Amino acid sequence: MKEFRDIELKWQKKWEKDKVFEAEENRKKEKCYIVEFFPYPSSYGLHMGHAINYSIGDVFARYKRLKGFSVLYPMGYDAFGLPAENAAIKEGVHPRKYTEKSIQNFLYQQKRLGLSYDWNRLIKTCDVKYYKWNQWLFLKFFEKGLAYRTKAPANWCDSCGTVLANEQVEDGECWRCRSKVEIKQLEQWFLRITKYADELLSDLKKLDGWPHRIKLMQENWIGRSQGTEIDFKLKGSNEKLKVFTTRPDTLWGVTFMVLAPENPLVTELVKGTMYEKKTKDFIDKVVLEEKFERTAEDKEKEGLFIGKYAINPVNRDDVPIYIANFVLLEYGTGAVMAVPAHDQRDFEFAKKYKLPIKIVIKPENHDLDPEKMMKAYIEPGIIVNSDKKFNGKKNLEASTEISKYLEEKKLGRKMVQYKLRDWLISRQRYWGTPIPIIYCEKCGAVPAEIPVLLPEDVKFSGKGNPLARNEKFVNARCSKCSGKARRETDTMDSFIDSSWYFLRYCDNKNDKKIFDSKKVDYWVPLDYYIGGAEHAVMHLLYCRFFTKALRDLGLLKIDEPVINLFNQGMINKGGEKMSKSRGNIVDPMSIVDNYGADTLRTYLLFLSAPDKDKEWDDEAIDGVYRFLRKIYSFKERVKVKSSIKDKLLESKLNRTIKEVALDIEEFKFNLAISRLMQLTNFIYNNKENVSLKVFETSFGKILIMLSCFAPHLAEELWKGEGYVCLAEWPDVDESKIDESLEKEEEQTEKIIEDINHVVKLIKKDVKKCFVYTLPKEEKIYKDNIETISMKTNLEIKIFSVNDKNKYDPEKKAAKAKAGKPAIYLE
């Protein structure tokens, strides 16, 4: 609608001109820091999920301003990443140009939604003013031993001569040339997140404002296990394989060992042997599979014998060594002792590859026959076929003794292990933060002077890392000895950018320091962080790690970055998530063009609670649009006939103010909007019976509440001083909330509804309606007889059921109940 569009554009310009939403560190006010997960600015612009996410944050930011808080509500762009580099390869567009164009489109669409961001705090992670501080932090981590370099597997396309991200591998092939992708061990950079594993785990208990499922996902990802590390000697060598287990009681039942295919030891063990090619092919096939998929219980177990044996330290048995798809390098030591009699996964593998099954735990009342077993025995039981010291003992009780025994014999040790592994941050790509390290033959790896700028003059062929081919970039001087050196050509994982950006918002223009500690101390931790649950164990875990690491560098005083985490639901259409491939996308901007931004915002939050999934409904958006049009109609003055509804309106108004505030605090925005709709409908239906003074006072307070959801319309209709978005949330006058009066109104509306329903059913010409009520309710209906008559267009007669003179030809009075009068029509 053009009228709404013009209103919205007018107020957006005014807000921007007057810098209405710029935040300040006002220490006389309570602060509220609200951030949504900042977006990757795709060339497609906003999708409906973005619109929901930002509408949630904006409602809460606007509400907190109205409540008198000093609010920081910024926005930025997670601007480094693979899509821009892929575009450079496919379309010949420089990643910077591609990204800047995408940001401008994104920013325009966000402003078009009327989001109340402090745009003065804008961050773009591809701007050197931001990424030089990534480099500064990296060097601090390097100095403290938190950043280090070691070999790790990477996806390699030999034809293109380049490392591929997981997203660039399609069905085991290079996305560009369709060549087979292999796994290659490369020197890469890591951050030592495992140093904080215990604290990351224990501090989850402090996060009362986080969803339980997110905390559980992080707990499982960190994966703390208490067990025993056991040394298996490699047959024919002095080398030892370390295996972590939580079941030392099954050690005598080990019949084979399994290494993770990506374990660097595997390639060393098969080098120069008849197993080398088969092993390499198996590794290339398995490692490219998604990790959760390949370890799923229903996934077929696949493995390969690599021609080597280990020696069981307690019984000296030869143990064949396999590699298999179900063992990951991230788990334990990347090597697993397999006990098929007492582990179902090992049992299935042993059956498939005809490996022996040795029983070492049996039920108390009967023996087990490995030939007849249909599944592994995993229940508690009695130890058998093991060392005589432990045979006959209950296995769970003997586990501790066995661990002590292994320690005494120097065969193993008690240990705590984690699934969490150090964070590999190296990316062999151009469009990211350059890692600020120089390699000197004399001095080794030394810090580079920062900022290390991304060179603009680069060629994107898809073959190799563009930085590695840029001689001006690669050739450098050692920062220690000034000798010839070469620059690191890897860039940082873009998760680095998003691990601390919320701190930079607090002081985004500081070119002397990463941020001013006083400013950060005022704003952090984040009071509310809003985004999708899919980031539970990557971004959110890295954020927590960075906060703790920066605290230990003396930069922060907090342990945790976020007090309250809110995960929004998804939006579906036709029962499925909106996506281009399904052809069920609804473009937010098309809705803004046709209905207005206020309609879209209000509709998205009215559909369901913000944390629940939603189903797009074309009819429902028409309903929200009609609601806003109804509010807009109040700009025309109404001829007042009476003030009989003043007290009722004041009661409903004060109750609504109270309930809407509570709804917003609890993120139940759909309920808040519903209450505003009900109050609006009441005023609309009774506008001739409300005095002008009460109407104007009430409507002003309604506009303040509405400004959280439909800010442009609220500004347009506001008659108070200044901007409605900077007004004060209305106080609740409890003395004006009249429950009995509201109950009367409810009962009156119900009888009107019932009478009209019956009139419609009988399809006869009706002139009169006789109403029979319980004695205690007679006055309610008689006091409202004019309203009932007006809204039913009938002559109304009201009788108490015990009135001896009542007119009741069909004895309807006997059917009257509390709150449910009987009626007779004629």
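In this report, the structure presented in the accompanying data block is examined. (Residues numbered from 1 in each chain as written. Predicted model: local features only at pLDDT ≥ 70, side-chain atom pairs only at ≥ 80, totals over all residues. Heavy atoms only, no water.)

### Concerning the overall build of the chain
Here comes step 1: Secondary structure assignment for the chain yields 26 helices and 33 strands.
Here comes step 2: Expressed along its principal axes, the backbone C-alpha trace of the chain runs to roughly 110 × 75 × 50 Å.
Here comes step 3: When the 826 residues of the chain are sorted by exposure, 55% land in the buried category.
Here comes step 4: Accessible surface computed for the chain: about 38900 Å², of which carbon and sulfur atoms make up 49%. (Helix = DSSP H or I, 4+ residues; strand = E, 2+ residues; numbered from the N terminus. Buried < 20%, exposed > 50% of the residue type's maximum accessible area, 1.4 Å probe, protein only. Areas by Shrake-Rupley, 256 points an atom, 1.4 Å probe, with all protein chains shown as cover.)

### Examining the sheet that holds strand S28 (residues 571–573)
Here comes step 1: If you trace the three strands from one edge of the open sheet to the other, you get S29-S28-S30, paired in mixed fashion. Of all the strands in the sheet, just strand S29 (576–577) and strand S30 (614–615) have a single pairing partner and so form its edges.
Here comes step 2: Relative to S30, S28 is paired through two bridges, and the arrangement is parallel. Within S30, the position partnered with Asn 572 by the bridge is Glu 615. (Pairing = 2+ DSSP bridges.)

### Let's talk about the pattern of salt bridges
Oppositely charged side chains can pair when the atoms bearing their charge come close.
Here comes step 1: For the coordinates displayed, the defined rule picks out 61 salt bridges.
Here comes step 2: In this structure, Lys 124 engages Glu 100 in a salt bridge whose closest nitrogen and oxygen atoms are separated by 3.5 Å. Here Lys 124 is found in strand S4 (residues 123–124), whereas its partner Glu 100 is found in helix H4 (residues 95–112), with 24 residues between them in sequence.
Here comes step 3: In this structure, Lys 750 and Asp 754 form a salt bridge, with 2.8 Å as the shortest nitrogen-oxygen distance. Taken together, the positions of Lys 750 and Asp 754, both in helix H24 (residues 739–762) and four residues apart, correspond to about one turn of that helix.
Here comes step 4: A residue is classified by how much of its surface remains accessible, and Lys 750, at 34% relative accessible area, is partly exposed.
Here comes step 5: Connected through salt bridges with shared partners, the residues Glu 199, Asp 203, Lys 206, Arg 544, Lys 548, Arg 551, Asp 552, Asp 559 and Glu 560 form a single ionic network. (Salt bridge = Lys/Arg side-chain N within 4 Å of Asp/Glu carboxyl O.)

### Brief notes about H4
Here comes step 1: Under the 1.5 Å per step criterion, the end-to-end length of H4 is 26 Å for 18 residues, consistent within 8% with the ideal 26 Å.
Here comes step 2: Within the span of H4, buried status applies to Pro 95, Tyr 98, Thr 99, Ser 102, Ile 103, Phe 106, Leu 107, Gln 109, Gln 110 and Arg 112.
Here comes step 3: One or two positions beyond H4, positive phi appears at Gly 114, with a value near 75°. (Expected span 1.5 Å × (residues − 1).)

### Regarding the pairing of strand S15 (residues 335–338)
Here comes step 1: Residues of S15 alternate between two faces, with Ala 335 and Met 337 on one and Val 336 and Ala 338 on the opposite face, all of them buried.
Here comes step 2: One ladder, built from four bridges, connects strand S12 (residues 256–259) with S15; its direction is antiparallel. Residue Met 257 lies in a different strand from S15, and its bridge partner there is Met 337.

### Focus on the nonpolar core
Here comes step 1: Membership of the largest hydrophobic core comes to 115 residues, with the highest contact counts inside it found for Met 48, Trp 616, Ile 664, Phe 709 and Trp 729.
Here comes step 2: In terms of residue count, helix H2 (residues 48–66) provides more of this core than any other element does, ten residues in total.
Here comes step 3: Excluding residues within four positions of it along the chain, Trp 729 makes contact with Tyr 63, Leu 66, Lys 67, Ile 657, Val 660, Ala 661, Ile 664, Ile 704, Met 705 and Cys 708.
Here comes step 4: Core analysis: the second largest hydrophobic core is formed by 66 residues, Tyr 33, Leu 137, Tyr 439 and Tyr 522 among them. (Core = buried A, V, L, I, M, F, W, Y, C linked by side-chain atoms within 4.5 Å. Contact = heavy atoms within 4.5 Å.)

### What about the sheet that holds strand S19 (residues 423–424)?
Here comes step 1: Strand order in the open sheet formed by four strands is S6-S5-S9-S19, and the pairing between neighbours is antiparallel. With one partner strand each, in any of the chains shown, strand S6 (162–164) and S19 form the two edges of the open sheet.
Here comes step 2: Bridge count between strand S5 (residues 147–157) and S6: three bridges; the pairing is antiparallel. Bridge assignment links Cys 157 to a residue of S6, and that residue is Thr 162.

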